[in-house]
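Structural overview
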Amino acid sequence: MIEPRLQREVSLTFDDGPDPVWTPRVLDTLRSVRARATFFVVTPLARRYPYLISEMLRHGHTVELHCVEHVRHTDLNRDEIEEESRTGLRDLGSLGVRPRLWRTPWGITRPATLEVARESGLEVSGWTDDTHDWRGDSASTMLESISLSLAPGSVILMHDGFGPGARRTGCEETVALIEPLVDRIRALGCELAPMKPARVSKHEASV
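Residues numbered from 1 in each chain as written. Predicted model: local features only at pLDDT ≥ 70, side-chain atom pairs only at ≥ 80, totals over all residues. Heavy atoms only, no water.

Applying the stated criterion to the full structure yields 2 aromatic pairs. For the pair Phe14 and Phe39, a centre-to-centre distance of 5.2 Å together with 20° between the ring planes defines the contact as stacked. With Phe14 in strand β1 (residues 9–17) and Phe39 in strand β2 (residues 38–42), this residue pair connects regions lying 25 residues apart in the sequence. Summarising the burial analysis for this pair, Phe14 and Phe39 share the class buried. (Phe/Tyr/Trp six-rings, centres within 6.5 Å; stacked < 30°, edge-to-face > 60°. Helix = DSSP H or I, 4+ residues; strand = E, 2+ residues; numbered from the N terminus. Buried < 20%, exposed > 50% of the residue type's maximum accessible area, 1.4 Å probe, protein only.)

With that settled, consider the pattern of salt bridges. A complete count under the given rule lists 12 salt bridges for this structure. Ionic pairing is found between Asp15 and Arg103, a salt bridge with its closest N-O pair at 2.9 Å. Taken as a pair, Asp15 in strand β1 and Arg103 in the loop between β4 (101–102) and β5 (108–109) lie far apart in primary sequence, 88 residues in all. Taking the relative accessible area as the measure of exposure, Asp15 reaches 3% and is therefore buried. (Salt bridge = Lys/Arg side-chain N within 4 Å of Asp/Glu carboxyl O.)

Another point: the pairing of β2. Across the 5 residues of β2, 5 count as buried, placing the element largely inside the fold. Burial of β2 is two-sided: the residues Thr38, Phe40 and Val42 facing one way and the residues Phe39 and Val41 facing the other way are all buried. The sheet contact formed by β1 and β2 spans 4 bridges and is parallel. Bridged to Gly17 within β2 is Val41. Crossover β1 to β2 through helix α2 (residues 22–32) is right-handed. For β2 and strand β3 (residues 62–67), the ladder comprises 5 bridges, and the chain directions are parallel. Note that in β3 the partner of Phe39 across the bridge is Val63. (Pairing = 2+ DSSP bridges. Right-handed = clockwise from strand over helix to strand, strands pointing away.)

Right, dumping it as C-alpha cells:
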C-alpha cells in the first residue's frame, strides 16, 4: 500500500547528464524554486564532472544510474548488461553514490535487465510523463503537452544532457520549463520530491 504522502508526490527527473553547461543551470533553477529532483546520470560523465554530482547531493537531489554506454538493452547480451551494471555501480561508488534506481536508455529493458537489476540491488525505473524536451520544443509547448496528464504520483522525464538522437543544441527550454512546471504541480496540491524505489511508472518498455 502506498503511503498517502507518497500519493501526493511528483518527481522531476533528468537524464543524460551531467553536462558542464546545462546541469548547473538546472540546479540553480531547482534551487530558486525550492524543488528537489532525481538525476539519472551517464557514469563516465559523472566521473568527468564529479563536482556536479557533489552539487546535486549537497542540495538534496538524488543521483541514480542511467547508463555507461547509451545503448538499447535489446542490442546487448546478458554479459554486456551485467557489465553495464557493474561498471556503472563502480563509477558511482567512486563518487560516494550508491544508486537504488536504474533507468535504462530509452526506458527499454529485456528480461535479462530485470534479472541483473535484481542481482545488483537496483530497481528498474521509468516515467509517467515525457516532456520530449530532446526535440527542442519551447517551454510553453512542453508545459501544455503534459499538463493534462499531470497527477499525484507523476514522474516527469526531462534531460540535462544530450543523448543519441537529440535534435537540440542547448537545454534553454528545459531550464525555462522548470519554474512554470513546478508552479503547475503545486497548484494541484502536490509536493515535489526525488524518486523513491517502488514508485510505479508507465513507460518501461520490456522486450
